[in-house]
Amino acid sequence: MSVRRFAVIGVIAGGLLACLASAQTPVVDDAALRHAGAGGAEWLTNGLDLAETRYSPLKHITTANVDRLRLGWAYELASSGGGQLATPLVWNGTIYGITNWSVVFAVDARTGKERWRWDPEVNQTAVRPKVCCGVVNRGMALYKNMIIAPIIDGRLDALDADTGKVVWETRVAFPQDDYTLTMAPRIAKGKVVIGASGGEYAVRGFFDAYDAMTGRRAWRFYTVPGDPGKPFENPALKKAAATWSGDWWKRGGGATVWDGMAYDPELDLIYVGTGNGAPWPQSLRSPGAKPERENKDNLYVCSILAVRPDTGAMVWYFQPVPGDSWDFDSTQQLTLANLTINGKPRKVIMQASKNGFFYVLDRLTGAFISGQPFARVTWAKGLEPGTGRPIVNPEAEYGRDAVELFPNQVGAHASSTMSFNPNTGLVYFTATIDGGSNYAVNPDFTYQPGRHNEGLARGATPTRPRPPAIGPPAVDGQRTVLLAWDPVTQTERWRAPAGGARFGGTLTTAGNLVFQVVPDGRFIAYDAGNGKKLFELQTETHTGMGPPITYLVDGKQYVAFMGGVGQPPTSTAAGRGSSPATSPSSTAVSSPKLFSFVLDSNNASGGRE
Ligand code: CA
């Protein structure tokens, strides 16, 4: 053996040691993603790990010292009018984020100093009318040396992680067809999986898989059947078509995919949540006189689907809201866990649903295990044991006469992030536990392409009696809360009076902590076991808050999140987000920032050095 060969081995071994010492992942490949979150130093995929637990094993910050958290640095995101819903990613000492109009940035995780910034230059005038619910993005994916970014105008771009240069670009959907891209793509078996938003416009929902190295589409799964006069794209859609009536395909049908997704590599299943039926009232979407409409569940609206990553073939589905008429998207975060239920180990998938029930399903088969209301619920009397099918209150089947129903149309839990701590066995999520909305069918509804097509009579005054409520007893004045939920017993363990269905969310750690970002701009830490508040700070951004993450660099644990809306800029240059807003006019409204907190910080000078 030559000296040179020894030297090469030495270099390789040295490199491995260096990687271990700094706990950095050299290449973000399928194996690295499978172990994402295990070390805790980096944040490689949207939910921290493929199971989407948002549980970090880091414990430098604990219940004993969390009150010493201080702002380490802040990076100005630019003020372009929209909330910060994205989960940042952390890899190789760098934080990657995406902000309004899909502007992507990379900053030093130690200092917040900008490394690069990329603006996809979205045609804002053309796209803005197609954005139902805020100029937002929910996150990105990392694969090999690429950042994979969803562009709100329907493009999907892979960027070189070192430089921000485009490696490939593909087209998922077109805004002129009323689709936008807002969700965080996920990686499964070398494929990028992503769906498109647009349910309020009445579109046909779908999600796609793309080759992560080339951007070439591998498959598409439409979530609702198309014109039955044409061949169905797959057997699952043929089955689904029998659950529809009338000429639904002319109005899209809905079931868009825009948020929750998880991946179990051992079971070889991708889990996907689908959105509301479109238009909202089933009588407008899938019409026909009863009994023609009976047993018309409108598959696969408001469903959780399990598909194979290689082909997109469906393995099982569970539909929390058959024949949805209430905008009860089932797109909320999907989290995988292994629980012991009735003495048996179960591989489960969990969701705190917009419809007010917390669901626990067997993730191998989709079988319903349990479901209980965590909020005030009046649309249903409960769930059928064994099947989980809702027992819908007859009053909730509204027509032209308005009825007030709970939860409201924003939902009991929507897009705020949830976390599962295996040490406490609890799930932490924020909720609107006491909110109602009025529902009445718009008698003059006509489908208009390019417009919102919810089909509701707005401003209708309820004339029908409120159905009876189930769920936890009301506590005076509490509408938005943080819940610590036991998924085994389906009971609330503790609650804190700060939260809401949308914005912010939670992160939990081995330091026995729950970190919460509150929609009003506060950053709070609690004891994960008993809910005792241990730290609270107002960021002064007050709105548009995103979810918290944690990471470790140079031996220090940080907690970071984005927040702030700012205002739409007046100049074109700022509108493209090409430079951070630092002018006095834009800082008058709290300018959006990426914040990073660390123990005993003595550097609060801000990020743009
Ligand atoms: Ca919706």
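The rules behind each value
Residues numbered from 1 in each chain as written. Predicted model: local features only at pLDDT ≥ 70, side-chain atom pairs only at ≥ 80, totals over all residues. Heavy atoms only, no water. Helix = DSSP H or I, 4+ residues; strand = E, 2+ residues; numbered from the N terminus. Buried < 20%, exposed > 50% of the residue type's maximum accessible area, 1.4 Å probe, protein only. Contact = heavy atoms within 4.5 Å. Areas by Shrake-Rupley, 256 points an atom, 1.4 Å probe, with all protein chains shown as cover. Lys, Arg positive; Asp, Glu negative; His and termini not counted. Charge placed at Lys NZ, Arg CZ, Asp CG, Glu CD. Pairing = 2+ DSSP bridges. 1 Å grid on protein atoms, 1.4 Å probe; cavity = no way out; pocket = protein on both sides within 12 Å on 5 of 7 lines; lining within 4 Å. Points joined across faces, edges and corners; volume = space filled by probe spheres on them. Donors = N, O, S within 2.8 Å, 3.2 Å for Na, K, Ca; no water. Tetrahedral: all angles 85-135°; square planar, octahedral: opposite > 155°, others 65-115°. Disulfide = S-S within 2.5 Å. Phe/Tyr/Trp six-rings, centres within 6.5 Å; stacked < 30°, edge-to-face > 60°. Salt bridge = Lys/Arg side-chain N within 4 Å of Asp/Glu carboxyl O. Axes fitted to C-alpha atoms, helices over the stretch in contact; angles between N-to-C directions. Nonpolar A, V, L, I, M, F, W, Y, C, P; charged D, E, K, R; others polar.

Caption draft 1: Structural context of the overall build of the protein chain. Across its full length, the protein chain carries seven helices and 39 strands. Based on the C-alpha atoms only, the size of the protein chain along its principal axes is roughly 80 × 60 × 55 Å. Counting all 609 residues of the protein chain, 61% fall into the buried class. In the protein chain, once contacts between residues fewer than 6 apart in sequence are set aside, the share between residues at least 24 apart is 63%. Accessible surface for the protein chain amounts to roughly 22,200 Å². Of this, 52% is attributable to carbon and sulfur atoms. For the protein chain, the distance from the average site of its 59 positive side-chain charges to the average site of its 54 negative ones is 2 Å.

Caption draft 2: Just the pairing of strand E16 (residues 261–264), in detail. Neither face of E16 is exposed, since Met261 and Tyr263 on one face and Ala262 and Asp264 on the opposite face are all buried. One ladder, built from four bridges, connects E16 with strand E17 (residues 269–273); its direction is antiparallel. Its bridge partner being in E17, Met261 is matched across the sheet by Val272. Remark: four residues form the turn of the hairpin made by E16 and E17, two consecutive strands paired antiparallel; Asp268 in that turn has positive phi of roughly 60 degrees.

Caption draft 3: Molecular detail of the layout of surface pockets. Computed from the structure, the largest pocket encloses a volume of approximately 570 Å³. Looking at the largest pocket, it is lined by 22 residues, and the ones nearest its centre are Asp49, Ala51, Thr53, Leu336 and Asn338. Contributing elements (two or more residues each) for the lining of the largest pocket: E16 and strand E21 (335–341). Per element, the largest residue contribution to the lining of the largest pocket is four residues, and it comes from E21.

Caption draft 4: A look at the coordination of the calcium ion. At this site the calcium ion is bound by Glu200 (OE), Glu200 (OE), Asn276 (OD1), Asp327 (OD), Asp329 (OD) and Asp329 (OD), with donor distances of 2.3 to 3.2 Å. Considering all six donor atoms around the calcium ion, angles at the metal cover 42 to 168 degrees and the coordination shape is irregular. Sequence spacing of the donors to the calcium ion: E-x75-N-x50-D-x1-D. An identical accessibility class is assigned to Asp327 and Asp329; each is buried.

Caption draft 5: Structural view of the state of the cysteines. For the structure on display, the rule yields one disulfide. Between Cys302, a free cysteine, and Cys132, which holds the nearest cysteine sulfur, the sulfur-to-sulfur gap is 14 Å. Judged by relative accessible area, which is 0%, Cys302 ranks as buried.

Caption draft 6: Local environment of the packing of aromatic side chains. The full count for this structure, using the stated rule, is 32 aromatic pairs. Arranged with centres 5.8 Å apart and planes meeting at 65 degrees, the rings of Phe318 and Tyr359 form a pair that is edge-to-face. Separated by 41 residues along the polypeptide, Phe318 in strand E20 (residues 314–318) and Tyr359 in strand E23 (residues 357–362) bring together distant segments of the chain. You'll find Phe318 and Tyr359 in the same group, each marked buried. With relative accessibility at 1%, the residue Tyr359 sits in the buried group.

Caption draft 7: How the structure looks around the pattern of salt bridges. Within the structure shown, the criterion is met by 29 salt bridges. Measuring nitrogen to oxygen at the nearest pair gives 2.4 Å for the salt bridge that ties Lys533 to Glu536. Judged by relative accessible area, which is 44%, Lys533 ranks as partly exposed. Residue classification places Glu536 among the partly exposed residues on the basis of a relative accessible area of 36%. Several salt bridges converge on common partners, so that one network encompasses Asp108, Arg110, Arg115 and Asp554.

Caption draft 8: How the structure looks around the sheet that holds strand E3 (residues 89–91). The strand order across the open sheet built from four strands is E3-E4-E5-E6, with neighbouring strands paired in antiparallel fashion. The open sheet has two free edges, formed respectively by E3 and strand E6 (114–118), since each of these has just one partner strand. Each neighbouring strand pair of the sheet contributes to a mean axis angle of 20 degrees, computed without reference to strand direction.

Caption draft 9: A look at the pairing of strand E19 (residues 304–307). Alternating positions in E19 separate into two faces, Ile304 and Ala306 on one and Leu305 and Val307 on the other, with burial throughout. With four bridges connecting them, E17 and E19 associate as antiparallel partners. Counterpart to Gly273 in the pairing with E19 is Ile304. For E19 and E20, the ladder comprises four bridges, and the chain directions are antiparallel. Of the residues in E20, the one forming a bridge with Leu305 is Tyr317. The antiparallel pairing of E19 with E20 creates a hairpin that spans six residues between the two strands, and Gly312 there sits at a positive phi of about 80 degrees.

Caption draft 10: Structural view of the sheet that holds strand E2 (residues 69–76). The strand order across the open sheet formed by four strands is E2-E39-E38-E37, and the pairing between neighbours is antiparallel. Looking at the sheet topology across the chains shown, the edges are occupied by E2 and strand E37 (549–553). Across the sheet, the mean angle separating the axes of adjacent strands is 30 degrees when strand polarity is ignored. Taken together, the six bridges between strand E38 (residues 556–563) and strand E39 (residues 593–599) define a ladder with antiparallel strand orientation. Note that in E39 the partner of Phe561 across the bridge is Phe595.

Caption draft 11: Main features of empty space enclosed by the protein. Counted according to the given criterion, the structure contains two cavities of 30 Å³ or more. By volume, the largest cavity is sized at about 190 Å³. Every residue lining the largest cavity is counted, 20 residues in all, and those nearest its centre are Arg54, Arg138, Asp259, Ser415 and Thr417. When the residues that make up the lining of the largest cavity are grouped by side-chain class, the tally is six nonpolar, nine polar and five charged. Counted as a void, the second largest cavity has a volume near 40 Å³. Around the second largest cavity sit Thr45, Leu50, Glu52, Arg186, Ile187, Met261, Ala262 and Tyr263, which together line it. Those elements giving two or more residues to the lining of the second largest cavity turn out to be strand E11 (186–188) and E16. Sorting elements by how many residues they give to the lining of the second largest cavity places E16 first, with three residues. Classifying every residue of the lining of the second largest cavity gives five nonpolar, one polar and two charged.

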